[in-house]
Every structure is written in structure tokens, then in C-alpha cells.
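# Observations on chain architecture
Take a look at the letters that make up each chain.
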Amino acid sequence: MAETVRWGILGTGKISRAFANALKDVPGAVLAAVGSRSQDKAAAFAEEFGALASYGSAELLAQAEGIDLIYIGTPHPEHAGNALMALRAGKGVLCEKPFTMNLREAEQVVTLARSKRLFLMEAMWTRYLPAYLEVKRILASGEIGTPRQIVADFGFAAAFGPEHRVFNPELGGGALLDLGIYPLSVAAGLLGPVIEVRAQAEMGPTGVDVQTGFTLKHEGGGMSVCSCSFLARTPAELTVSGERGQVRMNTMFHRATSVTVKLDDGSERTIETPYLGNGYVHEAIEAQRCWQQGLLESSSMTQGETLALMGVMDEIRRQIGLRYAADRA
């Protein structure tokens, strides 16, 4: 087993910077290279974060030697093409959420990874955090009874212009893809696969959703009520309830540092669940573990789950009338 894992980072935006910072706290991680459409941006990023090399295109990064895993932090519509490029070059891939723009693209990426027997994982960092794992443990213990309902929200007032990526349809803008994926993914992770969804949304002037609400029915019973918004600063908490009480991932649930359990006997306790570094450390550790052990996917966020959730997102978008260029390809 290799002692170190050599990472390439594709993209130099906010999320890639967060991941580069996280790698500093990941045992055995080496930032081998960074790629960007601009050589100047790639070089500046490499200098700031100590990357060993920089490349002025995704193609050059994908083809570079001395890289084991490539983290993809580019705009949403570029995820599929970037992942396919990296996989064709024989690299393992950790791809930011939303994994792709739609299920069709996701199937192409997963099919290629499986055919080439290369590691592939969706970077849904919440799935690897101590708070999420503690909630799973509590649910498995039966302490709150059978989990029957989840209520989850994620919203903030996005004070950006219409050209900003969160509102720009050409960049995969919209509350659902940017924020809604969090409650969807965590709800499915805790209550099981989604078998039915109902959604409605408020659409903004640029043609993407600025608020979306959706209810989920889960396989084996249970229901989730989820929402996301670019118009309102919501509590951003997630609560799982059973007949004997509830457990809450405290604000903000996607990066919670504590969970609170309330039971019908009046008792209440809060468990501290601090995470390493900036939180992205845990998904990087898991990706490295899988790669070093020769695994093709993570049991914490399987490729099958990623495909299923992309299908749910497609259905939500169908119901609210949200389409992107990728849907016409």
C-alpha cells in the first residue's frame, strides 16, 4: 500500500481552495498538481497551496504523470466532461456535488469508471462528517424508535447579481442543484432510497429556481420534507423523528458540530461532533482509504446512490419546469 496519495485539483475557485486547505490536514496527502483554464491562475494557486505542478488546461492535468486521484471542483456543467477526461487518462476521481447535471451524464461517468475499474466517488462531504455518522449510530440503536420523518432545510439570501453562477443557467445555477442536493442526499442516506417525490418551486428572473420545496417517500416507510432557498436565511437544521423522540443535526446541518437528542420522557442531551480541519478532510481521508485498498467506490456514498439521487433531481426538475442545456444534449 502506498504511503502517500498524490492529488490533482481541477479548478481554482472557492470550493477547490477549501479542498486544497483540507489536504493540509489529511495524513499522506500530497497536492501534486492543479489545473485551470488559465495557466496564470493555476500557477498562482500552486504557489499559494504548495502544489508541485500547475497546468493551464484540464486535459494537461488529466494526462500528467504522478497523480493518483483528481478532485473536480469546476462549475456544475463541466463535471461530467472533466470526470470522463480524468477517467480516460486512468485517474481516480472525487467529483463535487452535484455529481453531474442529470442522470444521463452520471450514467456515462459511472459506466466508464466501472469499465476501467477506476475509483469514483461523489464529494458529498456531509456523508463523511462525525455528526452524520453519530446520527446514523443513534438511529441504529433504536433510541428514538423507528425513524419516520425528516425535516431539513438549507437557505440563505444570495445577494449576487444575475450573472453570478448561482443564478446563471449556463453555469448550472439554481437552488436545487446548489443547496437542495444536501437535504436530499442526507435524507436518503438516513431513511433509505427515495421511491416517490413531489416538488414545487419559485422561479427567478434568470429562469432557474430560487426556492424549491420537495417531499420524499422512502423505501420501507418514512417521509422527508425538504426545502432550499436563495431568498431566505433558514435555520439550516435537519431533524429525524421517531415515535419516541428526535435527533437534530444542529445549524448548519451540512457541517454540524453537534447533534441533540430529545426523548418523550423529557430528557435531552447534546453530543459534540467536531470535525477535522475545515470538514472536507473526512471525504478526502475516505477517498484515500478506498484508493489505497483498491476499492472502486465508497460504501458511505456508493455510485448506485449517486445515480439514484441524480434521478430524483431530474424528476424534481421535471416537476418544477427547470431545464438546462445538458438536458438537450
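Since we're looking at a predicted model, the values are computed, not measured.

Let's shift gears to the nonpolar core. Among the nonpolar cores identified, the biggest contains 87 residues, and W7 and M249 are the most heavily contacted of them. Per-element accounting of this core gives the leading share, twelve residues, to helix 7 (residues 175-191). Two domains each donate at least three residues to this core, and these are domain 1 (5-124 + 280-298) and domain 2 (130-274 + 310-327). Residues within four places of M249 in sequence aside, it is in contact with T126, A131, Y132, V135, V186, E237, L238, A256, S258 and V259. Counting 26 residues, the second-largest nonpolar core is a separate cluster that includes L10, I70, V93 and A106.

Assignment of secondary structure puts F156 in the loop between strand 7 (149-155) and helix 7. Spatially, the C-alpha atom of F156 lies 9.2 Å from that of P235, the residues being 79 residues apart in sequence. Once residues lying within four places of it in the same chain are set aside, the contact partners of F156 are L179, S229, F230, L231, A232 and R233.

Evaluated as defined, the whole model comprises eight aromatic pairs. Through successive ring pairs, a cluster of aromatic residues spans W7, F19 and Y71.

So, on to the UniProt feature "domain: GFO/IDH/MocA-like oxidoreductase" (unreviewed entry) in the protein. Per the UniProt record, "domain: GFO/IDH/MocA-like oxidoreductase" (unreviewed entry) is found at residues 132-247. In this annotation, residues 132-247 is assigned 23% helix and 36% strand; the end-to-end C-alpha distance for the span is 11 Å.

Another aspect to go through is the pattern of salt bridges. Under the counting rule described, the total for this entry stands at 13 salt bridges. R6 is the salt-bridge partner of D68, the closest N and O atoms lying 2.9 Å from each other. Remark: R6 occurs in strand 1 (residues 5-10) and D68 occurs in the loop between helix 3 (58-63) and strand 4 (69-72); sequence separation between them is 62 residues. Relative accessible area serves as the criterion here: at 35%, R6 is assigned to the partly exposed category. Across the pair D314 and R317 runs a salt bridge, and its minimum N-O distance is 3.4 Å. Taken as a pair, D314 and R317 lie in helix 9 (residues 303-320) at a separation of three residues, close to a single helical turn. You can call D314 partly exposed: its relative accessible area is 22%.

Turning to the domain arrangement of the protein, a few remarks are in order. For the protein, the domain assignment lists domain 1 (5-124 + 280-298) and domain 2 (130-274 + 310-327). Centre-to-centre separation of domain 1 and domain 2, based on C-alpha positions: 25 Å. The three residues of domain 1 that bury the most area against domain 2 are H76, M101 and M124, which together make up 38% of that side's buried surface. At the junction of domain 1 with domain 2, the criterion picks out eight residue pairs in polar contact (both at pLDDT 80 or more). A breakdown of the residues in the side of domain 1 that touches domain 2 according to their chemical character gives eight nonpolar, four polar and four charged.

What follows covers a nonpolar patch on the surface. On the surface, a nonpolar cluster with roughly 210 Å² of combined accessible area is contributed by V151, M223 and V225. Mapped onto the elements, M223 comes out in strand 10 (residues 223-229). A relative accessible area of 34% means that M223 is categorised as partly exposed.

Under the UniProt annotation, "domain: Gfo/Idh/MocA-like oxidoreductase N-terminal" (unreviewed entry) lies at residues 5-121. Counted over residues 5-121, helix gives 44% and strand 23%. Its end C-alpha atoms are 16 Å apart.

On to unusual backbone geometry. Cis rather than trans, the peptide bond between K97 and P98 has omega equal to -15°. Locating P98 in the fold gives a position in the loop between strand 5 (92-96) and helix 5 (103-116). Residue M252 is bonded to the preceding T251 through a cis peptide linkage, with omega at -15°. The residue M252 is located in the loop between strand 12 (245-249) and strand 13 (258-263) in this model. Phi at R117 is positive, roughly 55°, even though this residue is not glycine. Within the secondary structure layout, R117 lies in the loop between helix 5 and strand 6 (120-123).

Here we take up the sheet that holds strand 13. Judged by pairing direction, the sheet is mixed, and its eight strands sit side by side in the order 8-9-10-7-11-12-13-14 without closing on themselves. Each edge of the open sheet carries a strand with a single partner, namely strand 8 (194-203) and strand 14 (268-272). Each strand axis lies, on average, 10° off the axis of its neighbour in the sheet, ignoring direction. Pairing of strand 9 (residues 209-218) with strand 10 involves seven bridges; the strand directions are antiparallel. If you follow K217 over to strand 10, its bridge partner there is M223. Contacts from helix 9 reach strand 8 and strand 9 within the one sheet, and its direction differs from that of strand 8 by about 45°.

Procedures and definitions
Residues numbered from 1 in each chain as written. Predicted model: local features only at pLDDT ≥ 70, side-chain atom pairs only at ≥ 80, totals over all residues. Heavy atoms only, no water. Core = buried A, V, L, I, M, F, W, Y, C linked by side-chain atoms within 4.5 Å. Buried < 20%, exposed > 50% of the residue type's maximum accessible area, 1.4 Å probe, protein only. Helix = DSSP H or I, 4+ residues; strand = E, 2+ residues; numbered from the N terminus. Domains from an automatic or database assignment. Contact = heavy atoms within 4.5 Å. Phe/Tyr/Trp six-rings, centres within 6.5 Å; stacked < 30°, edge-to-face > 60°. UniProt positions renumbered as here; feature names shortened; annotations may be inferred. Salt bridge = Lys/Arg side-chain N within 4 Å of Asp/Glu carboxyl O. Buried area = accessible area lost by both parts, 1.4 Å probe. Polar contact = N/O pair within 3.5 Å; in protein donor to acceptor, adjacent residues only side chain to side chain. Nonpolar A, V, L, I, M, F, W, Y, C, P; charged D, E, K, R; others polar. Patch = residues over 30% accessible without salt bridge, like charges linked within 9 Å, V, L, I, M, F, W, Y side chains within 5 Å. Areas by Shrake-Rupley, 256 points an atom, 1.4 Å probe, with all protein chains shown as cover. Pairing = 2+ DSSP bridges. Axes fitted to C-alpha atoms, helices over the stretch in contact; angles between N-to-C directions.

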